[in-house]
Amino acid sequence: MIGKKDLEHMAWLSRLELSGEDKERYTPKLNSVLDYFSELDEIDTDGIEPAYHVLPVSNVFREDEVSVPTCSLSQEEALSNSPKKQDGFFKAPRMM
Amino acid sequence: MYENPDGVMIGLEVHVQLNKLKTKIFCGCATDYHKDPPNSHVCPVCLGLPGSLPVINKKAVEAAIKVGLALNCRIEEYTQFYRKNYYYPDLPKGFQISQYDFPIASKGQIIIEGEDGELIVRITRAHLEEDPGRLVHEGTIDRSKYTLIDYNRSGMALLEIVSDPDLRSPKEARRYLDKLRNILEYLDVFDGDLEGALRVDANISIMGGQRAEIKNISSHKGAERALLFEIVRQKNVVRRGGVVVQETRHFDEAREITLSMRTKEEAHDYRYFPEPDLMPLKVSGWAPEIKETLPELPDARRMRFIKQYGITDDQAKSLTGELVWADYYEQVLKIYENEYGEKLDPKFAAAWINDYLKGEMNYRGSTLTYAVGKVSHHLIWHEYTVAILGLLKHEKITDDNAVIIFRNLLDSPRGGSDWRPVKKAADSAENYVMRILEEKGLLKVEGDIVETAAFEAINENPQAVADYKAGKEKALNSLVGAVMKKTKGGADARKVREILLVKLG
Amino acid sequence: MWAGINELMERIHASSSEEVVSEYFERIESSKLNAFITLSKESALLRAREIDSKAHDGSLAGIPVAIKDNISTKGTLTTCGSRILTGYVPPYDAHVIEKLKGAGAVIIGKTNMDEFAMGTSTETSFFGAARNPWDLERVPGGSSGGSAAAVAGGEVPIALGSDTGGSVRCPASFCGVVGLKPTYGVVSRYGLVSYANSLEQIGPFATNVRDVAALFDVIAGYDARDSTSVQREMNYSSELRNEVSGLRIGIPEEYFGEGTDENVEKAVRNGIHTLEDLGADLAEVKMPHTKYALSAYYIIAMSEASSNLARFDGMRYGLRTDDSDWHTTFSQVRAAGFGDEVKRRILLGTYALSAGYHDKYYLKALRVRTLIKQDFERAFRDVDVLITPTMPYPAFRLGEKIDDPLSLYLADVDTVPINLAGVPSISVPCGFSQGLPIGMQIIGRHFDEAAILRAAYTFEENTDFHTRRPGGI
Ligand SMILES: [Zn+2]
């Protein structure tokens with residue numbers, strides 16, 4: 001079960017500011033879902049490999065070749081969606 | 001035996017940018033961004049735009065295996081990429097594609113010269129990951145009102161090489177870094193002169209206490225300084241009865257101090273899981289073939305230099321300590337033999353190239369790559385070196401002449417590029433050097449001119465003559481000096497001395 | 001309206017693509033469905049004129065198509081139904097968009113969807129819920145509800161959606177159209193904004209199987225920019241035949257269990273018998289781990305989503321709130337930009353991956369995924385296709401489930417196992433319950449889209465469910 005502390009920690013890890021009201025609303029809903037998930041405890045999966053991928057494919061590569069123009073964007077295109085920019089840079093808030 | 005009085009334990013995490021690759025690790029963006037404007041070498045993938053997907057650069061994997069083999073690592077049969085989830089403004093996707101379980105290489109070692117002889121530093125693992133972008137602060141990180149982000153660096157292939165905490169002093173840490181860089185250059189996977197090519201995080205503890213992780217170290221010298229500072233800081237904490245806390249500290253390169261990244265941040269939890277957009281790798285089968293292509297590594301080359309050329313251990317260490325010098329030395333020997341049909345005495349060559357020229361360049365803060373890189377035709381350096389050594393060998397110029405001509409090369413505004421490329425010259429490098437000496441009035445002076453200068457020197461310095469005749473052997477030196485001055489260093493000092501002795505009876 | 005590709009082709013040849021496209025816009029502009037988030041009228045008409053001037057080259061030359069708004073379109077807003085992508089215009093086209101353009105299709109707009117494809121009803125869209133053309137008070141299904149509603153409502157003949165756990169098949173079923181979820185790896189995901197990478201595929205919608213196959217032929221194929229893309233050359237349209245004799249159909253009873261509406265069960269069983277009458281053989285199959293698929297699916301999807309959605313921080317694109325320190329700004333941008341359901345899934349996904357819970361949830365779910373895959377492998381040893389209901393019930397009312405996430409999740413019980421196994425599946429109309437369409441799900445082996453398309457086509461050729469149109473719009 002997720003308590004207030006757990007919820008706050010998850011919110012911190014996922015950079016989501018939650019209001020007191022959000023926490024109240026979310027907690028029972030999250031817990032009812034987790035409670036449902038606990039049905040998985042019933043099955044014995046010892047010795048079963050996890051299926052990270054559905055297809056048994058490995059060694060997929062690209063050659064070390066510059067791909068122009070399919071790949072590269074101009075500086076203008078790169079910055080075109082940026083809410084804040086300066087001198088060709090993306091502008092982020094202060095660090096501390 | 002080295003006592004390690006403070007119980008210092010240092011482990012290094014070195015991030016090596018595989019900047020000799022043509023493209024980034026997961027996209028086709030070119031890696032030659034260093035002189036270009038910010039955010040001009042980016043694409044949807046390395047900008048982390050929604051919907052973009054990574055694809056692994058095959059050469060990056062090959063390079064990682066190459067390094068792994070050179071560090072005597074095991075190459076894992078099965079390896080895969082993971083997502084390391086954390087937030088930071090330089091990280092365009094909110095996670096870094098890295099490795100976790102099953103790194104590509106593990107359990108290797110590097111042998112360095114420790115405080116008390118050979119020290120084996122164990123390599124825990126080496127894994128591939130993507131470089132984040134570059135943050136630019138206005139002033140310092142703690143005072144800047146905003147942060148600028150350049151993603152040109154984002155997605156560069158990084159190899160993170162992690163050592164066990166086997167290093168016992170900042171000096172050993174520096175030597176480890178020197179050796180690692182040396183090996184990487186031999187492997188031709190990385191150009192250490194490019195900005196951001198090698199970055200270090202250092203874990204350090206003293207007397208069995210908690211360790212601090214120091215981030216943002218960008219040079220070998222910086223690593224030594226940061227660790228020296230950190231040892232003093234931790235000792236002070238202990239001396240005042242405190243306890244060193246486990247934390248991340250930021251190295252301020254300008255102030256040469258480490259700063260606590262004190263924030264209310266909770267512990268990291270990277271929530272690693274396999275990158276679903278990339279398939280696993282089964283590449284250990286490549287290792288035998290790659291092993292075949294490994295070049296002679298620094299230690300092997302040093303041993304060969306000593307054995308084959310009879311030079312001293314110090315000279316061999318110094319020459320092989322930088323790939324460009326080792327190559328230069330051997331190329332000069334080879335070109336000389338081609339040019340003159342006879343072998344150049346390798347000890348004589350080592351004395352000039354290592355003892356003199358390398359020192360001269362260090363003194364000027366110049367490097368051979370820099371000097372060679374500056375001239376368009378790098379053979380100029382090799383050919384002139386061969387010519388100068390040939391003229392010396394055949395006693396056509398003096399040691400002083402040689403020094404002057406080398407200094408001229410080093411000091412000429414374009415590092416010798418204003419000198420005529422030898423290959424294009426109608427005449428030989430030797431003739432060209434001679435003519436330059438002649439034009440500058442620096443040519444070896446012999447015969448009557450030396451005789452006349454000696455005669456004048458005796459007449460002009462009666463006191464020195466008297467002193468010499470009274471038995472003061474040293475007075476002869478001032479007379480030799482006077483003759484050398486008159487001949488602008490062009491005379492052979494040994495011969496001048498002989499002539500003076502004859503004239504003084 | 002509701003014309004198929006062939007009929008439209010004739011009309012385009014007789015008049016013009018511009019005229020055909022304009023007619024669709026007229027219908028959309030008077031629509032009550034809220035099926036579109038962004039309309040590209042100007043560029044669509046321009047494109048139509050361009051195609052008209054060029055002898056209509058390409059298998060979809062001049063045909064209007066609608067695109068789910070989580071597929072990147074160069075120069076056109078791509079919102080994923082979220083506030084956090086406010087103003088985001090991708091500087092590149094998704095692979096499927098390149099393919100569509102190459103085939104001469106005319107993109108008329110971006111369709112409404114659950115925010116980041118997280119939903120079964122298209123109610124979590126920041127741009128308001130889309131409506132079901134059969135009953136405007138009911139949901140069109142989700143998450144590709146806008147695409148399905150637009151096709152069912154005659155606002156576009158064909159459309160693309162994406163299917164992570166049923167997001168194409170569910171709205172196809174609720175809206176009475178055909179929707180295909182391809183084998184994982186057959187359609188490039190390059191340009192599809194990820195919700196859960198290891199599960200999802202882009203899939204086509206149309207009013208009939210032939211058009212679904214035609215659109216699928218255009219978008220399927222290898223793409224070197226997607227490492228999970230598979231190299232296979234197929235022409236699916238040429239595989240369509242009115243013929244099922246000898247086809248072995250498996251019926252997994254687990255999919256007809258508790259919670260399945262009586263009328264749905266009846267319609268699907270009737271559908272199966274129709275195929276039996278046409279020469280197919282029936283067999284019961286056991287898929288014992290089906291019960292656990294829903295939990296495994298949601299844990300995996302939420303885990304991957306919590307990481308995929310980390311990039312939305314307001315630095316490079318999308319919503320930005322006032323700056324303070326970076327940590328606070330990131331948290332505020334994300335708080336303001338994401339809706340409740342997205343936040344809940346991020347939180348649960350973060351929890352499922354976090355230290356101490358990783359093995360209990362994430363790893364366990366992946367092991368269960370292996371068991372579910374094995375259920376399918378075993379079943380497909382004996383049969384060629386499986387048939388089940390697509391959804392356990394017909395479209396529900398707007399607002400009926402939105403406040404109870406778990407009950408909404410339970411609606412996906414018949415669709416998520418297919419994504420866990422990565423196999424292909426198609427939903428075709430097979431009946432009605434109180435005027436609402438019912439979908440039948442036909443599931444195939446990996447890469448055997450040909451078999452399910454043929455079964456679906458044969459069913460369609462011998463029934464008339466797909467020809468019925470909603471009246472009240
Ligand atoms: Zn790139």
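Each value, and the rule that gives it
- Residues numbered from 1 in each chain as written.
- Chains lettered and ligands numbered in written order.
- Predicted model: local features only at pLDDT ≥ 70, side-chain atom pairs only at ≥ 80, totals over all residues.
- Heavy atoms only, no water.
- Buried < 20%, exposed > 50% of the residue type's maximum accessible area, 1.4 Å probe, protein only.
- Helix = DSSP H or I, 4+ residues; strand = E, 2+ residues; numbered from the N terminus.
- Contact = heavy atoms within 4.5 Å.
- Axes fitted to C-alpha atoms, helices over the stretch in contact; angles between N-to-C directions.
- Parallel < 35°, antiparallel > 145°, perpendicular 65-115°, else oblique.
- Left-handed = near helix turned anticlockwise from the far one by under 90°.
- Nonpolar A, V, L, I, M, F, W, Y, C, P; charged D, E, K, R; others polar.
- Core = buried A, V, L, I, M, F, W, Y, C linked by side-chain atoms within 4.5 Å.
- Pairing = 2+ DSSP bridges.
- pLDDT = per-residue confidence, 0-100.
- Donors = N, O, S within 2.8 Å, 3.2 Å for Na, K, Ca; no water.
- Salt bridge = Lys/Arg side-chain N within 4 Å of Asp/Glu carboxyl O.
- Polar contact = N/O pair within 3.5 Å; in protein donor to acceptor, adjacent residues only side chain to side chain.
- Buried area = accessible area lost by both parts, 1.4 Å probe.

1. Side note on helix H4 (residues 95–102) of chain C
Residues and elements named next belong to chain C.
- Of the positions making up H4, those classed as buried are His95, Val96, Ile97 and Leu100.
- Elements in contact with the buried residues of H4: strand S2 (64–68), strand S3 (106–111), strand S4 (158–163), strand S6 (201–206) and helix H7 (209–219).
- After H4 finishes, the residue Gly104 shows a positive phi value of roughly 85°.

2. Observations concerning the packing of helix H7 (residues 323–340) of chain B against helix H8 (residues 346–363) of chain B
Residues and elements named next belong to chain B.
- One can describe the packing of H7 onto H8 by two numbers: an axis separation of 11 Å at closest approach and a directional angle of 140°. Regarding the angle of H7 to H8, the classification is oblique. Between H7 and H8 lies a crossing whose hand is right-handed. Here Trp325, Tyr328, Tyr329, Val332 and Leu333 of H7 come into contact with H8, specifically with Pro346, Ala349, Ala350, Ile353, Leu357, Lys358 and Met361.
- Considered class by class, the residues forming the contact of H7 with H8 number 11 nonpolar, no polar and one charged.

3. Remarks on the nonpolar core
- In this structure, Tyr176(B), Leu100(C), Phe116(C) and Phe376(C) are the most contacted members of the largest nonpolar core, which totals 238 residues.
- With 11 residues, helix H9 (residues 290–308) of chain C is the largest single contributor of residues to this core.
- The residues touching Phe116(C), leaving out its near neighbours within four places in the chain, are Cys80(C), Ser82(C), Ile84(C), Leu85(C), Val193(C), Tyr195(C), Leu309(C), Phe312(C), Phe338(C) and Val342(C).
- Grouped together as the second largest cluster of nonpolar side chains are 40 residues, Tyr328(B), Ile388(B), Leu389(B) and Leu437(B) included.

4. What about the sheet that holds strand S4 (residues 82–85) of chain B?
- Strand order in the open sheet made by the three strands is S5-S4-S15 (chain B), with antiparallel pairing throughout. Looking at the sheet topology across the chains shown, the edges are occupied by strand S5 (95–98) and strand S15 (273–274) of chain B.
- Sheet topology places S4(B) next to S5(B); four bridges connect them, and they run antiparallel. Residue pairing across strands places Tyr82(B) opposite Ser98(B), the latter belonging to S5(B).
- Contacts from H9(C) reach S4, S5 and S15 of chain B within the one sheet, and its direction differs from that of S4(B) by about 60°.

5. Some remarks on the environment of Gly109(C)
Residue and element names in this part refer to chain C.
- Structurally, Gly109 can be placed in strand S3.
- In this structure, the C-alpha to C-alpha distance between Gly109 and Ser427, residues 318 residues apart in sequence, is 24 Å.
- Dropping the residues within four chain positions of it, Gly109 is found in contact with Phe36, Thr38, Leu39, Ser40, Val65, Ala66 and Ile67.

6. Concerning the confidence of the model for chain C
- When the pLDDT values of chain C are averaged, the result is 97; 100% of them are 70 or greater.
- As scored by the predictor, the complex reaches a pTM of 0.91 and an ipTM of 0.97.

7. Topic: the coordination of the zinc ion
All names here are of chain B.
- Distances from the zinc ion to its protein donors, Cys27 (SG), Cys29 (SG), Cys43 (SG) and Cys46 (SG), fall at 2.3 to 2.4 Å.
- All donors of the zinc ion belong to a single chain; written as a sequence motif, their spacing is C-x1-C-x13-C-x2-C. Of this pair, Cys29 sits in the loop between strand S1 (9–17) and strand S2 (56–57) while Cys46 sits in the loop between S1 and S2; the two residues are 17 residues apart in sequence, bridging distant segments of the chain. The same class applies to Cys29 as to Cys46, namely buried.

8. Some remarks on the interface of chain A and chain C
- Each partner contributes to the interface: chain A provides 49 residues, whereas chain C provides 70 residues.
- Counting every contact that joins chain A to chain C gives four salt bridges.
- The shortest N-O distance in the salt bridge between Lys291(C) and Glu42(A) comes to 3.4 Å.
- Remark: the boundary between chain A and chain C carries 26 residue pairs in polar contact (both at pLDDT 80 or more).
- Contributing elements (two or more residues each) for the side of chain A that touches chain C: helix H1 (4–13), helix H2 (20–37) and strand S3 (89–93) of chain A.

9. With respect to the pairing of S4(B)
Residues and elements named next belong to chain B.
- Residues Tyr82 and Lys84 of S4 are buried on one face, and the alternating residues Arg83 and Asn85, pointing to the opposite face, are buried as well.
- Pairing geometry for S4 and S15, over two bridges, is antiparallel. Of the residues in S15, the one forming a bridge with Tyr82 is Pro274.

10. Some words on the pattern of salt bridges
- Tallied over the entire structure, the rule returns 76 salt bridges over all chains.
- Note that Lys4(A) and Glu8(A) form a salt bridge whose closest N and O atoms lie 3.6 Å from each other. Taken together, the residues span about one helical turn, with Lys4(A) and Glu8(A) both in helix H1 at a distance of four residues.
- Accessibility expressed as a relative area gives 58% for Lys4(A), which makes it exposed.
- Among the charged side chains, a network of salt bridges with common partners joins Glu113(B), Lys179(B), Asp299(B), Arg302(B), Asp313(B) and Lys317(B).

11. A few points about the interface of chain B and chain A
- At the junction of the two partners, chain B supplies 59 residues and chain A supplies 37 residues.
- The contact between chain B and chain A buries some 4100 Å² in all, and 63% of this surface belongs to carbon and sulfur atoms.
- Summed over the shared surface of chain B and chain A, the result is one salt bridge.
- A salt bridge links Lys22(B) to Glu65(A); its shortest N-O distance comes to 3.5 Å.
- One can count 21 residue pairs in polar contact (both at pLDDT 80 or more) joining chain B with chain A.
- Only S2, helix H1 (58–70), strand S8 (134–137) and strand S9 (146–150) of chain B provide two or more residues apiece to the side of chain B that touches chain A.
- Broken down by class, the residue content of the side of chain B that touches chain A amounts to 36 nonpolar, nine polar and 14 charged.
- Relative to S9(B), S3(A) is paired through four bridges, and the arrangement is antiparallel. For Lys91(A), the partnering residue across the bridge sits in S9(B) and is Leu148(B).

12. Some remarks on unusual backbone geometry
- In this structure, Ser143(C) follows Gly142(C) across a cis peptide bond, with omega equal to 5°.
- Mapping Ser143(C) onto the fold places it in the loop between S3 and helix H5 (145–152).
- Residue Lys107(B) is not a glycine yet carries a positive backbone phi of 55°.
- With respect to the helices and strands, Lys107(B) occurs in strand S6 (residues 105–114).

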